[in-house]
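Structural features, examined
Each chain, letter by letter, is given below.
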Amino acid sequence: MIQDILNRQALTQEEIIYLLQTKGEERTLLFKKSAELKQRYIGNKVYFRGLIEFSNICRKDCLYCGIRRSNKHINRYDLTDEDILKAAEFAYKENYGSLVLQSGELMNNAFTDRVEYLLKSIKKLSNNQLGITISLGEQSEETYQKWFDAGAHRYLLRIESSNPELYYKIHPNNATHKFDTRIDSLKTLKKVGYQTGTGVMVGLPFQTFEDLAGDLLFMQELDIDMCGMGPYIEHHETPLYQYKDQLLPLKERFDLTLKMIAVLRILMPDINIAAATALQAIDPIGREKALKIGANILMPNITPGMYRDSYALYENKPCTDEDASDCKNCLEARIKLSDNEIGYNEWGDSPHFRIRNLN
Ligand code: SAM
Ligand code: SF4
């Protein structure tokens, strides 16, 4: 049974659920298959995206997120343009190839113009060499276009859950948190021309295997170019914390995330898949484990150290007390151990995007 499933790229929801529930030898076969496909379609290079979490100010109130607007118990910060550009310069000098600009979601002209300025400045300081991914939430088509024209070429916007019912259990049901807006935003990003990435949290309260299988089929149907999926980790200052006793143990959430990555690699062998930071919050070599079985993108945190604690989306966020260069050195050694090599100075674009655009 399992061999037949593993040799196909078109899987039913039932077959995906079967794979997500594998144990023992069958689990090993799943990971072997996803590792083989990664090697065949992507190779063993891991691409870096230096992650700059430049502000934790957010207009939204997602029920799982530690930096949601209603959490009054965190220090809000907003890096200066100078600090952001310094971090970008660090990524450039360290030959990272790309960076990610991420923050809470703001939607106003001043924010749009500021990001546009930052994008242009990063392109300039790196002689157009740094690739730029942004992850700045839902915006108008005009804003997406403005940022694309300013130099961003990849965009990450997780759907969080592709099942509207679950979506509304983890978000307030109001005008700023509309499921349909999220879907429309993903479509708009593709239309504007971004390499478009989405993803979900794994192990959310109320989430079923049917939901997770549906998420993977959703990504295949939307024909995404990139994915970032990580375990859900509870934060005590959020409304979803009340369901903490109903969650899978952290280790199981971790294992299920690895299986989600492996199955996605089978469904979409040539996309970029990130080894999410939240994996490392559960297992110190969690990201390297993901790289071994199918992921190919890593986002070392290069946010200046003193702000890292304040970008606490969940508890036990790793590396908040280290500076950016410490992170790079420890990562380098661990990536070598996971039989991968770092694609320094390369953008490491999604092969799927290139092929999608040839057709
Ligand atoms: N504000 C933007 C957005 O929501 O798209 C970008 C930043 S947001 C902090 C990035 C991602 O963090 C979200 O898409 C969400 O999946 C993840 N996240 C938030 N809270 C989390 C939690 N408690 N556990 C794991 N991931 C979480
Ligand atoms: Fe804001 Fe993003 Fe957190 Fe939602 S997930 S509260 S949009 S930072």
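Description of the structure in this document. (Residues numbered from 1 in each chain as written. Chains lettered and ligands numbered in written order. Predicted model: local features only at pLDDT ≥ 70, side-chain atom pairs only at ≥ 80, totals over all residues. Heavy atoms only, no water.)

Moving on to unusual backbone geometry. Leaving glycine aside, a negative phi is the common case for residues, and trans is the common case for peptide bonds. Look at Asn127: it is not a glycine, yet its phi comes out positive at around 50°. Tracing the sequence through the fold places Asn127 in the loop between helix 5 (109-125) and strand 4 (131-135). In this model, Asp223 sits at a positive phi of 60°, which is unusual for a non-glycine residue. Inspection of the secondary structure assignment puts Asp223 in the loop between helix 9 (209-222) and strand 8 (226-231). (Helix = DSSP H or I, 4+ residues; strand = E, 2+ residues; numbered from the N terminus.)

This part covers the packing of aromatic side chains. Counted under the stated rule, the structure contains 12 aromatic pairs. Ring plane angle 80° and centroid distance 6.1 Å describe the contact between Phe111 and Trp147, whose orientation is recorded as edge-to-face. On the criterion of sequence distance, the pair formed by Phe111 in helix 5 and Trp147 in helix 6 (residues 141-149) is long-range, its members being 36 residues apart. Relative to Tyr194, the ring of Phe148 lies with its centre 5.1 Å away and its plane at 70°, an arrangement referred to as edge-to-face. Linking Phe148 in helix 6 with Tyr194 in the loop between helix 8 (179-192) and strand 6 (195-198), this pair joins segments that are 46 residues apart in sequence. Classification of Phe148 by relative accessible area gives partly exposed; the value is 26%. Here Tyr194 falls in the buried class, since its relative accessible area comes to 0%. (Phe/Tyr/Trp six-rings, centres within 6.5 Å; stacked < 30°, edge-to-face > 60°. Buried < 20%, exposed > 50% of the residue type's maximum accessible area, 1.4 Å probe, protein only.)

Now for the site of ligand 2. Taken together, Cys58, Lys60, Cys62, Tyr64, Cys65, Ile67, Arg68 and Gly104 make up all the residues around ligand 2. With respect to the detected pockets, ligand 2 is housed in the largest cavity. Residue composition of the shell around ligand 2, grouped by class: 5 nonpolar, 1 polar and 2 charged. (Near = heavy atom within 4 Å. 1 Å grid on protein atoms, 1.4 Å probe; cavity = no way out; pocket = protein on both sides within 12 Å on 5 of 7 lines; lining within 4 Å. Sits in = over half its atoms within 2 Å of the grid points. Nonpolar A, V, L, I, M, F, W, Y, C, P; charged D, E, K, R; others polar.)

A separate point is empty space enclosed by the protein. All chains considered together, the criterion is met by 3 cavities of 30 Å³ or more. Quantified by volume, the largest cavity comes out at close to 870 Å³. Lining the largest cavity are 41 residues, and of these Gln102, Arg158, Glu160, Tyr311 and Leu313 lie nearest its centre. Sorting the residues of the lining of the largest cavity by element identifies strand 2 (50-55), strand 3 (98-103), strand 6, strand 8 and helix 11 (277-282) as the ones contributing at least two each. At 4 residues, strand 8 tops the list of elements feeding residues into the lining of the largest cavity. (Points joined across faces, edges and corners; volume = space filled by probe spheres on them.)

The next point concerns helix 3 (residues 24-41). For an α-helix, 3.6 residues make a turn, and residues three or four places apart therefore share a direction. With 18 residues, helix 3 extends 26 Å from end C-alpha to end C-alpha; this agrees with the ideal 26 Å at 1.5 Å per step. Of all the residues in helix 3, the buried ones are Leu30, Phe31, Lys33, Ser34, Leu37 and Lys38. Projection of helix 3 onto a plane perpendicular to its axis shows the buried side chains occupying an angular sector of 155°, all on one side. Facing away from the buried side of helix 3 by more than 90 degrees, the exposed set consists of Glu25, Lys32 and Arg40. Those residues of helix 3 hidden inside the fold are in contact with helix 1 (2-6), helix 2 (13-20), helix 10 (250-267) and helix 12 (286-292). Positioned one or two residues after helix 3, Gly43 has a phi angle of 90°, which is positive. (Expected span 1.5 Å × (residues − 1). Arc of directions from axis to C-beta. Contact = heavy atoms within 4.5 Å.)

Near ligand 1 lie 17 residues; those nearest to it are Tyr64, Ser103, Arg158, Glu160 and Ile233. One of the backbone N or O atoms of Ser103 is found 3.1 Å from a nitrogen atom in ligand 1. Here an oxygen atom of ligand 1 sits 2.8 Å away from a polar atom, N or O, in the side chain of Arg158. Isolated, ligand 1 exposes 560 Å² of accessible area, and the fraction of that covered by the protein chains is 92%. The pocket occupied by ligand 1, as judged from atoms lying within 2 Å of grid points, is the largest cavity. Classifying every residue of the shell around ligand 1 by side-chain character gives 9 nonpolar, 4 polar and 4 charged. (Polar contact = N/O pair within 3.5 Å; in protein donor to acceptor, adjacent residues only side chain to side chain. Areas by Shrake-Rupley, 256 points an atom, 1.4 Å probe, with all protein chains shown as cover.)

Further remarks concern the packing of helix 3 against helix 10. Between helix 3 and helix 10, the shortest axis-to-axis distance is 9 Å and the interhelical angle comes to 50°. Of the possible angle classes, the one that applies to helix 3 and helix 10 is oblique. In the packing of helix 3 onto helix 10, the handedness of the crossing is left-handed. Where helix 3 abuts helix 10, its residues Arg27, Leu30, Phe31, Lys33, Ser34, Leu37 and Lys38 lie against Asp255, Leu258, Lys259, Ala262, Val263, Arg265 and Ile266. (Axes fitted to C-alpha atoms, helices over the stretch in contact; angles between N-to-C directions. Parallel < 35°, antiparallel > 145°, perpendicular 65-115°, else oblique. Left-handed = near helix turned anticlockwise from the far one by under 90°.)

Two elements in contact, helix 2 and helix 10, have axes separated by 9 Å at closest approach and are oriented at 135°. Classified by the angle between their axes, helix 2 and helix 10 sit oblique to one another. Judged by the twist between their axes, the crossing of helix 2 over helix 10 is right-handed. Facing Ile16, Leu19 and Leu20 of helix 2, the residues of helix 10 in contact are Leu256, Lys259, Met260, Val263 and Leu267. In terms of residue class, the contact of helix 2 with helix 10 is made up of 7 nonpolar, no polar and 1 charged.

With respect to the helices and strands, Glu53 occurs in strand 2. Residue classification places Glu53 among the buried residues on the basis of a relative accessible area of 2%. Among the polar contacts made by the side chain of Glu53, one reaches the side chain of Asn301 at a distance of 3.2 Å. With sequence-adjacent residues up to four places away left out, Glu53 is seen in contact with Tyr77, Gln102, Asn301, Thr303, Tyr311 and Lys317.

If you walk through the whole model with that rule in mind, you get 25 salt bridges. Its salt-bridge partner being Asp4, residue Arg8 comes within 3.2 Å of it at the nearest N-O pair. With a shortest N-O distance of 2.5 Å, Lys289 and Asp283 are connected by a salt bridge. Look at Lys289 and you get partly exposed, because its relative accessible area is 34%. (Salt bridge = Lys/Arg side-chain N within 4 Å of Asp/Glu carboxyl O.)

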